[in-house]
Amino acid sequence: QVQLVESGGGLVQPGGSLRLSCAASGFTFSRYAMSWYRQAPGKERELVAVITNTGGSTNYADSVKGRFTISRDNARNTVYLQMNSLKPEDTAVYYCKVRLRPTDDYWGQGTQVTVSS
């Protein structure tokens, strides 16, 4: 079965960095684009970054452009989100997602990122 397991979240001071990982299994990872989303308390889940199946193209929310970098290692079935220059407004639960079919999305359990001094 499809599994997505995020890790790497935690508490970090403003201006700090974190690297999130999402380990995938149960599908042919190298065939699918992968996405990172986040959901802050009281807000809707929002798209943060997307990477194509080969890693050749990426796209970012305006709020994270220049600070976050999405990447993937198809040999390890893992997608990453490098987050630099973190701000308090980046505080959220971060999820990875894969869309295997037009109406078939799979999500991880999420990892908490808290940016606070």
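Scroll up for the structure.
Residues numbered from 1 in each chain as written. Predicted model: local features only at pLDDT ≥ 70, side-chain atom pairs only at ≥ 80, totals over all residues. Heavy atoms only, no water.

Our next topic: the side chain of E6. Along the chain, E6 falls in strand β1 (residues 3–7). Here E6 is buried and forms no salt bridge, its nearest opposite-charge partner R45 lying at an N-O distance of 7.5 Å. Polar contacts involving the side chain of E6 include one to the main-chain amide nitrogen of C96, which spans 2.8 Å. Among the polar contacts made by the side chain of E6, one reaches the main-chain amide nitrogen of G110 at a distance of 2.9 Å. (Helix = DSSP H or I, 4+ residues; strand = E, 2+ residues; numbered from the N terminus. Buried < 20%, exposed > 50% of the residue type's maximum accessible area, 1.4 Å probe, protein only. Lys, Arg positive; Asp, Glu negative; His and termini not counted. Salt bridge = Lys/Arg side-chain N within 4 Å of Asp/Glu carboxyl O. Polar contact = N/O pair within 3.5 Å; in protein donor to acceptor, adjacent residues only side chain to side chain.)

Moving on to the pairing of strand β4 (residues 34–39). Counting buried residues along β4, five of its six residues qualify, which places the element largely inside the surrounding structure. Pairing geometry for β4 and strand β5 (residues 46–51), over five bridges, is antiparallel. Bridge pairing in β5 places W36 opposite A49. From the end of β4 to the start of β5, which pair antiparallel, there are six residues, and G42 there has a positive phi angle of about 75°. Bridging between β4 and strand β9 (residues 92–101) involves six bridges; their strand directions are antiparallel. In the sheet register, S35 faces β9, and the bridge partner there is K97. (Pairing = 2+ DSSP bridges.)

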